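Secondary and tertiary structure notes
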Amino acid sequence: MTVRRQVALSRDEALALDGSDPLAGFRERFLPAEAGLIYLDGNSLGRPPRATRDRLLRLVEREWGERLIRSWDEGWFELPRRIGDLIASACLGAAPGQTIVADSTTVCLYKLISAALDARPGRDEIVTDRHNFPTDRYVVEGLARSRGLGVRWLEEEPEPAAIGELVGERTALVTLSHVSFRSAAIADMAAINERVHAAGALVLWDLCHSAGSIPVALDASGTDLAVGCTYKFLNGGPGAPAFMYAREEHQTALAQPIWGWIGRRDPFEMEQGYVPADGVSALLSGTPGVLGLVAVEEGVKLVAEAGIDAIHEKGRALTALAIELHDAWLAELGFALVTPRDPERRGAHVSVGHARARELSRALIDAGVIPDFRPPDVIRLGLSPLTTSFADVWDGLDALRGIAAAV
Ligand SMILES: *Cc1c(COP(=O)(O)O)cnc(C)c1O
């Protein structure tokens, strides 16, 4: 039983936490939001770095405007791999040559799940969890239907023992989210990988809510495949391209299903027939989206500069403050904490349940505080360590308590 303070931290104490926050200076590296706005949704859409605006202007004027098509040979073609390696070293715990940036998370899921199923012929089941993000579930269901496979659903949040019970000789692939988009609970990646591998299956992790918020150890944990988006904690911009990770030892055997010219060996030879490119480049399909890619690079550079361990530490402190204020202010107003209390077991958002969550979150937005509503009854407070201050958390929860007390 943890002992909880009965009296919440004061606003001055929250300001003092900002005063001693080693990452506080990063807030100025982002474009300002509307005056007075409290943004607690950086885990749905991260804020724009100032460097991104400058880089995009330079790209349009110089690389695109003046150099035109020559720019493809002056660095554009290298962007998917270069930025993949940058994400890998900044926050995925992955050696170079295994990560590449392209497409949306949804399309990346389709490509890698499909490749994994082909790599396990004769096995006819996919394991995933009922609480996984909708797009992840739909891609699994679509591929299962088109291939005549079964889906085995984990009904609770993924624990190694429960996964161990679901997998077997029929399992081709287990696909899960590392940090739950709903509760922020972190799954035990290494222990789950071990259970899945013991059954002879492959594992694919969705890192959308991990990348840029907590350290990930893809190589050390034995992960086979991973995907993640770059517009949440990596601040890559709306609809920014996603990343795919394929462990080096699997790369030659993996065949992704969308055979396009950019994923072919020597694309400009324009040969008959498809031969995959070497290494992780074989995961590409069509022409890279350069505007989106350079924006991702600027976002990831800030994460690399701040350091993922420092980001993680601030994330734990921000979420701890939100939980403390929940306990002191919200618990008696009909709220229930959805996020794990153990700081080692949660990512960088805090979710609170309330029977009238939809209505409360609308009123909160009207009051200039932006959270996320997740049906049916969850308000999600995204705390982005590079852009969210302790005072933001205090003010946001103070507004929520005022609104909830009045309904
Ligand atoms: C945000 C998110 C996605 C988004 O997928 P898109 O293809 O970018 O729309 C997918 N999976 C998870 C777990 C997410 O949190």
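These lines cover the structure that appears in this document, whether it is placed above or below. Computed from a predicted structure; not experimentally measured. (Residues numbered from 1 in each chain as written. Predicted model: local features only at pLDDT ≥ 70, side-chain atom pairs only at ≥ 80, totals over all residues. Heavy atoms only, no water.)

Comments concerning the sheet that holds strand β13 (residues 378–382)
By definition, the strands of a sheet pair up through backbone hydrogen bonds, in either a parallel or an antiparallel sense. Here is the rule we go by: We treat two strands as partners when DSSP finds at least two bridges between them. Strands are runs of DSSP state E lasting at least two residues, helices are runs of H or I lasting at least four, and both sets are numbered from the N terminus onward. The criterion used for residue contact is that any of the two residues' heavy atoms lie within 4.5 Å. Angular values range over 0 to 180 degrees, each being the angle between N-to-C directions of two axes fitted as lines to C-alpha atoms, with helices fitted over their stretch in contact.
In space, the 4 strands of this open sheet follow the order β9-β10-β13-β12, with antiparallel pairing throughout. In this open sheet, the two strands that pair with only one neighbour each are β9 (336–337) and β12 (372–374). In the sheet, strand β10 (residues 349–353) pairs with β13 via 5 bridges, with the strands oriented antiparallel. What sits directly across from Val350, in β13, is Leu381. Sitting on the sheet, helix α9 (residues 308–330) touches β9 and β10, and the angle it makes with β10 is about 20 degrees.

A word on the sheet that holds strand β2 (residues 99–102)
Ordered by their spatial adjacency, 7 strands build an open sheet running β2-β8-β7-β6-β5-β3-β4, and the pairing between neighbours is mixed. Of all strands in the sheet, those bounded by a partner on one side alone are β2 and β4 (150–154). Averaged over all pairs of adjacent strands, the angle between strand axes in this sheet comes to 20 degrees, irrespective of strand direction. Of the pairings in the sheet, the one linking strand β7 (residues 225–228) to strand β8 (residues 242–246) comprises 4 bridges and is antiparallel in character. Counterpart to Gly228 in the pairing with β8 is Phe243. Across the sheet, helix α3 (residues 79–92) is in contact with β2 and β8; its angle to β2 comes to roughly 120 degrees. The sheet strands contacting helix α7 (residues 189–198) are β5 (171–177) and β6 (202–206), and the helix crosses β6 at an angle near 150 degrees.

Here we look at the pairing of β6
Side-chain positions along a regular strand alternate between the two faces of the sheet. Selection rule: Partly exposed describes any residue whose relative accessible area lies between the buried limit of under 20% and the exposed limit of over 50%, with all areas from a 1.4 Å probe on protein chains only and scaled to the type maximum. Convention used here: a crossover is right-handed provided that the path from the first strand, over the helix, to the second strand proceeds clockwise when the strands point away from the viewer.
Of all 5 residues in β6, 5 are buried; the element is thus mostly enclosed. In the sheet, β5 pairs with β6 via 5 bridges, with the strands oriented parallel. Across the sheet, residue Val174 finds its bridge partner in β6, namely Val203. Regarding the hand of the β-α-β motif, the stretch spanning β5, α7 and β6 is right-handed.

A word on the packing of α9 against helix α11 (residues 390–406)
Using the following cut-off: The scheme is simple: roughly parallel for angles under 35 degrees, roughly antiparallel for over 145, roughly perpendicular for 65 to 115, oblique for anything else. Left-handed describes a crossing whose near helix is turned anticlockwise from the far helix by less than a right angle; the clockwise case is right-handed. Under the scheme applied here, ten amino acids are nonpolar (Ala, Val, Leu, Ile, Met, Phe, Trp, Tyr, Cys and Pro), four are charged (Asp, Glu, Lys and Arg), and all others, including Gly, are polar.
One can describe the packing of α9 onto α11 by two numbers: an axis separation of 10 Å at closest approach and a directional angle of 25 degrees. In terms of axis orientation, α9 runs roughly parallel to α11. Like other packed secondary-structure pairs, α9 and α11 cross with a definite hand, here right-handed. Contacts from Lys314, Ala317, Leu318, Leu321, Ala322, Leu325, His326, Trp329 and Leu330 in α9 reach Phe390, Val393, Trp394, Leu397, Asp398, Leu400 and Arg401 in α11. Class assignment of the residues belonging to the contact of α9 with α11 gives a composition of 12 nonpolar, 1 polar and 3 charged.

Points about the site of the ligand
The line we're drawing: Throughout, near means a residue has at least one heavy atom within 4 Å of the molecule or strand. Polar contact is the term for a pair of N or O atoms within 3.5 Å; when the atoms are in protein, one must be able to donate a hydrogen and the other to accept it, and sequence-neighboring residues count only if both atoms are side-chain atoms. Each accessible area is a Shrake-Rupley estimate made with a 1.4 Å probe; only the visible protein chains count as cover when residues are assessed.
Every residue lining the ligand is accounted for by Ser104, Thr105, Thr106, Phe133, Thr135, Asp136, Ser177, Asp206, Cys208, His209, Tyr231 and Lys232. Interatomic distance of 3.4 Å between a backbone N/O atom of Thr105 and an oxygen atom of the ligand. At 2.9 Å from a nitrogen atom of the ligand is found a side-chain nitrogen or oxygen belonging to Asp136. Burial of the ligand by the surrounding chains reaches 86%, relative to a free accessible area of 390 Å².

Details of the nonpolar core
To keep things clear, this is the line we draw: In this text, buried Ala, Val, Leu, Ile, Met, Phe, Trp, Tyr and Cys residues form a nonpolar core when linked through side-chain atoms within 4.5 Å.
Judged by nonpolar contacts, the single largest core of 51 residues is most densely connected at Ile87, Leu92, Leu207, Leu218 and Leu386. Breaking this core down by element, the ones donating at least two residues are α3, α6 (160–166), β5, α7, β6, β8, α8 (290–306) and α9. With 8 residues, the single largest contributor to this core is α8. Each residue touching Leu207, except ones within four places of it in the same chain, is listed here: Leu92, His178, Met189, Val216, Leu218, Ala226, Val227, Gly228 and Phe243.

Brief notes about the packing of aromatic side chains
Cut-off, in case you're wondering: Two aromatic rings from Phe, Tyr or Trp, using only the six-membered ring of Trp, form a pair when their centres are within 6.5 Å; if the ring planes differ by under 30 degrees the pair is stacked, by over 60 it is edge-to-face, and anything between is tilted. We count a charge as sitting over a ring when the NZ of a lysine or the CZ of an arginine lies within 6 Å of the ring centre and within 35 degrees of the ring normal.
One pass over the structure, following the stated rule, counts 7 aromatic pairs. Taken together, a centroid distance of 4.6 Å and an interplanar angle of 15 degrees make the contact between Trp259 and Tyr274 stacked. In this pair, Trp259 sits in the loop between β8 and α8 while Tyr274 sits in the loop between β8 and α8, placing the two residues 15 residues apart along the sequence. Residue Trp259 is classed as exposed on the basis of its relative accessible area of 59%. Here Tyr274 falls in the partly exposed class, since its relative accessible area comes to 22%. Through a chain of ring-to-ring contacts, the aromatic side chains of Trp72, Trp76, Phe77, Trp261 and Phe268 assemble into a single cluster. Of note, Arg130 hangs over the ring of Trp153, and the distance from its end group to the ring centre comes to 4.5 Å. We note Lys232 situated over the ring of Phe133; from NZ or CZ to the ring centre the distance is 5.3 Å.

Thoughts on α9
Operational definition: Here the expected span of a helix is defined as 1.5 Å times the quantity of residues minus one.
Taking 1.5 Å per residue as the helical rise, α9 with its 23 residues ought to reach 33 Å, and the 31 Å between its terminal C-alpha atoms agrees with that figure. In terms of residue burial, α9 counts as a mostly covered element, since 17 of its 23 residues are buried.

Describing the side chain of Arg55
Structurally, the position occupied by Arg55 is in helix α2 (residues 50–66). What makes Arg55 buried here is its relative accessible area of 10%. Once residues within four sequence positions are removed from consideration, Arg55 is found in contact with Leu79, Arg82, Val294, Glu297, Glu298 and Lys301.

Some thoughts on the environment of Ser384
Inspection of the secondary structure assignment puts Ser384 in the loop between β13 and α11. Take Ser384: its relative accessible area is 5%, and that puts it in the buried class. Those residues within four positions of Ser384 in sequence are excluded, and the remaining contacts are Gly42, Asn43, Phe233 and Leu318.

Just geometry here; none of it tells us what the structure is for.
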